[in-house]
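Observations on the three-dimensional arrangement
As a plain string of letters, each chain reads:
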Amino acid sequence: MEYLPHFNELFIAAGLEYSFHKTEKTMDAYNMAKQFCREGSCGIIGIGGDGTFQEIAAGMVDAFAHGEKIPTPLGVFAAGSGNDFAISLAESKAAALNARKKHFDDAAKDFFAKILQGQTRSVDIITANSMAYLNIANLGLDARIVQNAANLKQKFGRYAYFAAVYKSITQHKNMPLEITIDGQSTQNAYTLVAICNGQYYGGGMRIAPTAQIDDGQITLCTVNALSRPKTMIIFPTLMLEKHTSLKAVTYTNCKKITIKLPPGQETLCLDGNLYPASGEIEFRLLPSVLDVFV
């Protein structure tokens with residue numbers, strides 16, 4: 001927690017009342033955020049990666065009725081390995097990456113100045129069977145990659161996702177799904193499905209170039225079933241942002257999605273956090289419910 005001493009000095013110098021809370025295990029951030037919202041906190045600042053902010057957002061949403069405007073603003077201080085939601089918040093990917101290069105002290109000062117300015121931006125949130133997330137949910141190959149990347153994160157850091165790609169492709173099987181989009185159903189086999197609020201995942205890959213975190217829409221990206229050799233093509237095209245021209249890749253903007261899974265248990269990935277899933281998953285949009293400092 002290299003940033004904490006710097007934030008401590010800044011809060012004291014500004015004469016602001018605050019408290020620091022360190023997460024120790026899964027769902028700590030969720031429970032803390034839910035409690036702080038219900039206690040009427042003036043704001044929550046998260047220090048961490050996409051997974052931490054997914055838990056915080058879920059706790060903030062669950063502190064109130066789903067769809068209700070959350071009165072507590074959120075400060076997003078990106079300090080994880082991927083920070084994909086922060087990239088969507090920034091003016092550009094380059095701006096977000098430049099912010100990562102700053103010294104701890106300088107980064108904390110810049111962020112704290114934004115908090116004091118009090119300028120916020122309203123963003124959408126998506127729920128998956130009532131569990132909220134900020135950025136991107138995925139099923140299929142992507143979720144397997146995240147599982148494998150978790151074991152490689154200590155060695156490869158923010159590049160763990162890329163290191164896990166080809167191992168995951170050799171293990172992958174296409175997934176038969178029934179997907180209902182705003183009431184219209186289709187059945188197909190898919191290599192991957194991404195339910196997007198933001199544009200980036202996997203440490204900066206722009207899976208959904210047209211998605212906006214405040215446009216009042218879910219952007220659904222599906223990749224129809226591919227053989228393993230053809231699947232190898234997907235990720236190089238993602239790096240070059242050429243995947244949108246592939247015939248197997250489809251984008252749909254909508255408000256609500258229901259996905260019926262095959263029998264057995266699957267894995268749902270929400271902003272890098274893995275959850276067991278079975279039966280049906282309903283994705284709903286909560287438009288403009290959260291204010292984040294910008």
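Here the residue numbers are simple positions, counted from 1 along each chain's written sequence. At least 70 in pLDDT is required for a residue's local features to be given in this predicted model, at least 80 for side-chain atom pairs to be given and counted, and no such filter applies to totals for whole chains, interfaces and linings, which use all residues. For side-chain calculations, the full set of non-hydrogen atoms in the structure is used, while hydrogens and water are omitted.

This paragraph deals with the overall build of the chain. The helix and strand labels rest on DSSP assignments: H or I over at least four residues marks a helix, E over at least two residues marks a strand, and numbering proceeds from the N terminus. Of regular secondary structure, the chain possesses nine helices and 15 strands. Its C-alpha atoms give the chain a radius of gyration of 19 Å, within 12% of the compact-globule value 19 Å for 294 residues. In terms of overall dimensions, the chain has C-alpha extents of about 60 × 40 × 30 Å along its principal axes. Sorting the 294 residues of the chain into buried and exposed places 49% on the buried side. Contact definition: two residues touch when any of their heavy atoms are within 4.5 Å. Restricting the contact set of the chain to residue pairs at least 6 apart, pairs at least 24 apart contribute 74%. Think of it this way: Lys and Arg go in the positive column, Asp and Glu in the negative one, and His and the chain ends go nowhere. A single reference atom marks each charge: NZ on Lys, CZ on Arg, CG on Asp, CD on Glu. The positive charge centre, built from 27 side chains, and the negative charge centre, built from 27, are 9 Å apart in the chain. Based on C-alpha atoms, the radius of gyration is set beside the globule rule, defined as 2.2 Å times the residue count to the power 0.38. For the exposure calls, accessible area comes from a 1.4 Å probe over protein chains only, and a residue counts as buried if that area is under 20% of its type's maximum, exposed if over 50%, partly exposed in between.

Pairing between strands requires that DSSP locate at least two bridges from one strand to the other. The pairing of strand S3 (residues 120-128) with strand S15 (residues 280-293) spans eight bridges and is classified as antiparallel. Bridge pairing in S15 links Arg 121 to Val 292. With five bridges connecting them, strand S12 (residues 256-260) and S15 associate as antiparallel partners. For Ile 259, the partnering residue across the bridge sits in S15 and is Ile 281.

Our next topic: the pairing of strand S6 (residues 175-181). Counting buried positions over the seven residues of S6 gives five, a clear majority of the element. As paired elements, S6 and strand S7 (residues 184-196) share seven bridges and run antiparallel to each other. Bridge pairing links Ile 179 to Thr 186 in S7. Taking the residues that link successive antiparallel strands as the turn, the S6-S7 hairpin has two residues, and the phi of Asp 182 there is positive, at about 45 degrees. Bridge count between S6 and S12: four bridges; the pairing is antiparallel. For Glu 178, the partnering residue across the bridge sits in S12 and is Lys 260.

Let us look at the nonpolar core. With 54 residues, the main nonpolar core has Ile 195, Ile 259, Phe 283 and Leu 290 as its most contacted residues. Among the elements that line this core, the one with the most residues is S15, at seven residues. Contacts of Leu 290, omitting those with residues within four sequence positions, involve Met 60, Lys 69, Ile 70, Thr 72, Leu 74, Arg 121, Ser 122, Val 123, Ile 125 and Leu 134. In terms of nonpolar packing, the next biggest core, distinct from the first, is built from 28 residues, Ala 164, Val 165, Cys 196 and Ala 211 among them. Buried Ala, Val, Leu, Ile, Met, Phe, Trp, Tyr and Cys residues that are joined via side-chain atoms within 4.5 Å together make up what is termed a nonpolar core.

Next up on the list: the side chain of Thr 180. Here Thr 180 is to be found in strand S6. Setting aside anything within four residues of it in sequence, one finds Thr 180 in contact with Ser 185, Lys 256, Ile 257 and Thr 258.

What follows covers the packing of helix H7 (residues 141-156) against helix H8 (residues 160-171). Helix packing for two helices is described by the angle between their axes and how far apart those axes are. Between the N-to-C directions of two axes lies an angle of 0 to 180 degrees, each axis being a line fitted to C-alpha atoms and, for a helix, fitted only over the stretch in contact. In the contact formed by H7 and H8, the axes pass within 7 Å of each other and the chain directions differ by 135 degrees. By the angle between their directions, the pair H7 and H8 is classed as oblique. When the axes of H7 and H8 are compared, the crossing they make is right-handed. Taking contact as the criterion, the partners of Leu 141, Asp 142, Arg 144, Ile 145, Val 146, Asn 148, Ala 149, Leu 152, Lys 153 and Phe 156 in H7 are, on H8, Ala 160, Tyr 161, Ala 163, Ala 164, Val 165, Lys 167, Ser 168, Ile 169 and Gln 171. When the residues that make up the contact of H7 with H8 are grouped by side-chain class, the tally is 12 nonpolar, three polar and four charged. Note on angle classes: values under 35 degrees are labelled roughly parallel, values over 145 roughly antiparallel, values of 65 to 115 roughly perpendicular, and the remainder oblique. Each crossing gets its handedness from the near helix: less than a right angle anticlockwise from the far helix is left-handed, clockwise is right-handed. Just so you know the grouping, Ala, Val, Leu, Ile, Met, Phe, Trp, Tyr, Cys and Pro go in nonpolar, Asp, Glu, Lys and Arg go in charged, and all remaining residues, Gly too, go in polar.

Let us look at the packing of aromatic side chains. Two rings from Phe, Tyr or Trp (for Trp, the six-membered ring) form a pair when their centres are within 6.5 Å of each other. A pair whose planes differ by under 30 degrees is stacked, one over 60 is edge-to-face, and the rest are tilted. Counted under the stated rule, the structure contains seven aromatic pairs. Between Tyr 18 and Phe 20, the ring centres sit 5.2 Å apart and the planes meet at 65 degrees, which makes this aromatic pair edge-to-face. Here Tyr 18 falls in the partly exposed class, since its relative accessible area comes to 28%. Through successive ring pairs, a cluster of aromatic residues spans Phe 11, Tyr 18, Phe 20 and Phe 112.

The term salt bridge refers to a side-chain nitrogen of Lys or Arg lying within 4 Å of a carboxyl oxygen of Asp or Glu. Enumeration over the complete set of coordinates arrives at six salt bridges. Of the charged contacts, one joins Lys 69 and Asp 291 as a salt bridge, the two residues approaching to 2.8 Å between their closest N and O atoms. Here Asp 291 lies in strand S15 and Lys 69 lies in the loop between helix H3 (50-62) and strand S2 (74-78), a separation of 222 residues in the sequence. Residue classification places Lys 69 among the partly exposed positions, given a relative accessible area of 37%. Between Arg 206 and Glu 241 there is a salt bridge whose closest N-O contact spans 3.2 Å. One end of the pair, Arg 206, is in strand S9 (residues 205-206); the other, Glu 241, is in the loop between helix H9 (228-239) and strand S11 (249-254), with 35 residues separating them in the sequence. Looking at Arg 206, the relative accessible area reads 23%, which means it is partly exposed.

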